[in-house]
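Coordinates in review
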Amino acid sequence: MPDPKQLPDAEQQIALLAEQLRPVFERAPETVLIGVFTGGVWIAERLSQWLPSHPPVGSVDISFYRDDFSERGLSPNVQPTSVPVDIAGKPVILVDDVLYTGRTTRAALNELFDYGRPQSVQLAVLADRGGRQLPVAADFCAWAVSLPDNANLVLTRTPVDDPKGRLTWSLDDA
Amino acid sequence: MLDPQLDASGNLIHLLSTEGLSKDQLLRLLDTGASFLGVSDRDMKKVPLLRGKSVFNLFFENSTRTRTTFEIAAKRLSADVINLNMSTSSTAKGETLLDTVDNLCAMHADMFVVRHESSGAPHLIVDHLRRTGRDDIHVINAGDGRHGHPTQGLLDMFTIRHFKGGFEGLHVALIGDILHSRVARSDIHALKTLGAASIRVIGPQTLIPTDIEALGVEVHRDLERGLKDCDVVIALRLQRERMTGALLPSATEFHDRYGLTHERLKIAKPDAIVMHPGPMNRGVEIDSAVADSPRAVILPQVTFGIAMRMAVMSVLAGGGA
């Protein structure tokens with residue numbers, strides 16, 4: 001497990017991820033970025049600024065699609081899902097902060113398909129921490145790190161309401 | 001005494017009344033309603049939250065709007081909905097309410113939406129389920145006698161918050177047949193908890209319950225005085241089907257003294273909104289010109305009602321608020 005005091009710079013990782021994604025948008029400029037609330041949306045907004053074509057950014061809140069609803073109930077602050085363009089027939093890059101069990105990705109895919117049938121969906125994540133419980137893999141990843149189950153890796157924005165706020169990682173034992 | 005709506009840890013697992021709900025619980029329900037609003041705007045108007053669940057609509061009393069909006073709400077949550085028109089069912093053949101409930105439990109119901117002409121019928125069902133160890137089945141009161149209509153109360157609060165931004169400092173008037181109105185009671189309890197500045201009930205003495213002041217409301221027999229500086233005006237339907245005895249000389253006379261007209265609305269604040277739980281009696285409690293004016297938010301109430309009912313169902317099924 002990495003030293004919680006010496007975590008990589010999330011902002012630099014986003015720049016790295018943008019470089020990985022650049023050829024995709026050169027090849028298919030109609031590609032849409034869809035972030036998963038909350039961290040994935042922050043990252044998708046940053047990526048759109050980094051990419052020369054400034055692609056449109058959508059957001060999905062997967063609360064209504066979770067597979068643990070009957071055990072955990074509804075989260076108190078469900079954000080509105082917003083898909084600003086018609087995704088039918090378009091390539092989509094799904095963006096999330098941390099890829100872990102893969103369950104969020106599955107839920108996000110289910111929700112996405114309720115808005116239309118994309119031409120393709122690829123997954124871009126800032127961190128892949130291992131521990132998959134479903135056959136899900138990232139197509140683009142800035143940081144592969146192996147973390148024990150009790151570790152809690154969280155992306156935060158300071159100040160949280162500021163779109164320009166600084167993105168940083170924190171890591172603790174749950 | 002334990003509130004029958006709550007489980008042992010204080011979570012909301014049934015919705016029987018807006019009375020007893022905390023401000024946090026009410027706000028949580030309203031926030032959840034807001035998040036469901038967008039679902040009905042999509043091409044795909046469904047989310048999979050209640051997939052595989054069976055919701056039974058038990059309506060012992062006629063209703064079109066409430067039953068339909070509950071049905072739509074359940075279907076938009078992907079539940080299976082079974083509508084039972086109890087006036088033509090076994091109850092009419094002599095089966096008791098609790099026998100009916102037991103039979104539906106044997107059909108693996110997950111949720112009952114109950115409307116009944118007797119106050120307390122949904123509560124009776126909750127007690128019965130608890131006694132027989134089936135507290136995992138949720139009960140929603142869709143209107144019981146004169147007691148309560150909590151989802152209507154919640155959708156009214158949602159509408160007020162949507163158009164007025166909040167509740168603090170608001171003056172709210174309820175006009176007309178308060179005596180028979182379960183909507184009025186549900187609104188009053190919720191408004192009280194959410195911190196409205198004043199709640200006024202306006203109507204003839206015969207249609208105002210005695211001791212209603214105990215709920216913390218102002219009583220006005222004079223419409224003009226009651227409407228002064230109001231932010232929200234809620235007209236209630238004159239429930240003539242429930243009136244036994246001479247409570248009113250005539251509907252015309254009621255309209256002359258308590259009907260909501262443009263002229264009278266001028267006494268309220270210029271940006272006051274007009275609400276009505278439906279069905280409306282045009283020309284009795286409300287003028288057509290008012291009902292069709294931009295100040296009337298009666299149709300948004302219906303739309304918000306679906307989102308609020310989705311919120312209630314998913315909060316109860318998801319372990320409570």
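Before any of the text, the structure's been laid out above.
This report concerns the structure included in the present document. (Residues numbered from 1 in each chain as written. Chains lettered and ligands numbered in written order. Predicted model: local features only at pLDDT ≥ 70, side-chain atom pairs only at ≥ 80, totals over all residues.)

**Quick look at the sheet that holds strand β5 (residues 140–144) of chain A**
The pairing of strands in a sheet happens through backbone hydrogen bonds and is either parallel or antiparallel. Residues and elements named next belong to chain A. Spatial ordering of the open sheet is given by β2-β1-β3-β4-β5, a layout of five strands whose pairing is parallel. In this open sheet, the two strands that pair with only one neighbour each are β2 (57–60) and β5. The sheet shows a mean angle of 25° between the axes of neighbouring strands, direction not considered. In this structure, strand β4 (residues 120–128) lies alongside β5, joined through four bridges in parallel fashion. Residue pairing in the sheet places alanine 127 in a bridge with tryptophan 143 of β5. Taken strand by strand, helix α1 (residues 10–27) contacts β3 (91–99), β4 and β5, and its axis lies near 150° from that of β5. Sheet contacts for helix α4 (residues 103–113): β1 (32–36), β2, β3 and β4; angle to β3, the most-contacted strand, approximately 150°. (Pairing = 2+ DSSP bridges. Helix = DSSP H or I, 4+ residues; strand = E, 2+ residues; numbered from the N terminus. Axes fitted to C-alpha atoms, helices over the stretch in contact; angles between N-to-C directions. Contact = placed C-beta atoms within 7 Å.)

**Focus on the interface of chain B and chain A**
Contact residues are listed per partner, giving 13 residues for chain B and 11 residues for chain A. When contributions to the side of chain B that touches chain A are tallied by element, the ones reaching two or more residues are α1 (23–37) and α11 (298–317) of chain B. Tallying contributions element by element places α1 of chain B first for the side of chain B that touches chain A, with four residues. The residue makeup of the side of chain B that touches chain A, split by class, is five nonpolar, six polar and two charged. (Nonpolar A, V, L, I, M, F, W, Y, C, P; charged D, E, K, R; others polar.)

**Brief notes about the packing of α1 of chain B against α11 of chain B**
Residue and element names in this part refer to chain B. Closest axis-to-axis distance for the α1/α11 pair is 8 Å, and the angle between their directions is 120°. Both α1 and α11 take part in a crossing whose hand is right-handed. Facing Leu29, Thr32, Gly33, Phe36 and Leu37 of α1, the residues of α11 in contact are Ala307, Met308, Met310, Ala311, Val312, Ser314 and Val315. Here the residues of the contact of α1 with α11 sort into nine nonpolar, three polar and no charged. (Left-handed = near helix turned anticlockwise from the far one by under 90°.)

**Quick look at the environment of glutamate 111 of chain A**
Residues and elements named next belong to chain A. Tracing the chain through its elements places glutamate 111 in helix α4. When the 22 C-beta atoms within 10 Å are taken as the criterion, glutamate 111 is described as buried. Expressed as a C-alpha distance, the spacing of glutamate 111 and threonine 158, which sit 47 residues apart in the sequence, is 29 Å. (Buried ≥ 20, exposed ≤ 12 C-beta atoms within 10 Å, placed from the backbone.)

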